[in-house]
Amino acid sequence: EWGMMDKRFFWNSSLARDFSLYGAESWVTPILQGSVYTHHLEHAGKKFTVLVISRRNCRRAGMRLQCRGLDKEGNAAIFIETEQIVECDGKYA
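Computed from a predicted model, the values in this text were never measured in an experiment.

Asks: Even after reading the chapter, I still don't get a nonpolar patch on the surface, so can you show me in this structure?
Replies: Nonpolar side chains collect at one region of the surface, where Trp11, Ile31 and Leu32 lie side by side and expose about 280 Å² of accessible area between them. Structurally, the position occupied by Ile31 is in the loop between α1 (13-21) and β1 (33-43). On the basis of relative accessibility, which here comes to 48%, the residue Ile31 falls in the partly exposed class.

Asks: Explanation requested: the pattern of salt bridges in the structure shown.
Replies: Opposite charge on two side chains lets them pair, provided their charged atoms get close. Scanning all chains against the criterion turns up 5 salt bridges. Across the salt bridge formed by Asp6 and Arg55, the nearest N and O atoms sit 3.8 Å from each other. On the criterion of sequence distance, the pair formed by Asp6 in the segment before α1 and Arg55 in strand β2 (residues 46-56) is long-range, its members being 49 residues apart. For Arg55, the salt bridge identified is with Glu81, shortest N-O distance 2.9 Å. Note that Arg55 is positioned in strand β2 and Glu81 in strand β3 (residues 80-88), a separation of 26 residues in sequence. When salt bridges that share partners are traced, they join Asp6, Arg8, Arg55 and Glu81 into one network.

Asks: Just checking my understanding: could you explain the pairing of β3 for this structure?
Replies: The side chains of a regular strand alternate, first on one face of the sheet and then on the other. Bridge analysis of β2 against β3 gives 9 bridges, and the strand direction is antiparallel. Residue pairing across strands places Leu51 opposite Ile85, the latter belonging to β3. Hairpin connection between β3 and strand β4 (residues 91-92): a loop of 2 residues separates the two successive antiparallel strands, and Asp89 in this loop has a positive phi of roughly 55 degrees.

Asks: So what exactly am I meant to see when it comes to the sheet that holds β1 here?
Replies: Within the open sheet, the 4 strands sit side by side as β1-β2-β3-β4. Their pairing is antiparallel. Each having just a single partner strand, β1 and β4 make up the two edges of the open sheet. Here 11 bridges tie β1 to β2, and the two strands are oriented antiparallel to one another. Bridge pairing in β2 links Leu41 to Phe48.

Calculation rules
- Residues numbered from 1 in each chain as written.
- Predicted model: local features only at pLDDT ≥ 70, side-chain atom pairs only at ≥ 80, totals over all residues.
- Heavy atoms only, no water.
- Patch = residues over 30% accessible without salt bridge, like charges linked within 9 Å, V, L, I, M, F, W, Y side chains within 5 Å.
- Areas by Shrake-Rupley, 256 points an atom, 1.4 Å probe, with all protein chains shown as cover.
- Salt bridge = Lys/Arg side-chain N within 4 Å of Asp/Glu carboxyl O.
- Helix = DSSP H or I, 4+ residues; strand = E, 2+ residues; numbered from the N terminus.
- Buried < 20%, exposed > 50% of the residue type's maximum accessible area, 1.4 Å probe, protein only.
- Pairing = 2+ DSSP bridges.

Dropping the structure here:
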């Protein structure tokens, strides 16, 4: 359900509100801006998979020279949340 989507990364949330006014929530597909990178490597005879997931906040998006610092609500300019997952022998970290 899109209502559970983190609003900081929900780029089309204003459209979703309009759809929900008319009971058409099932038509909404949350859009986020981000990337996923996967890399396979081997070290000391062990195989690793590294997965990096990034998503960009929609609240203070803008060009680097025009959007800086924090706003009054504490939202950082051009904030990107990044997570890293490493897998080796079926174990994740």
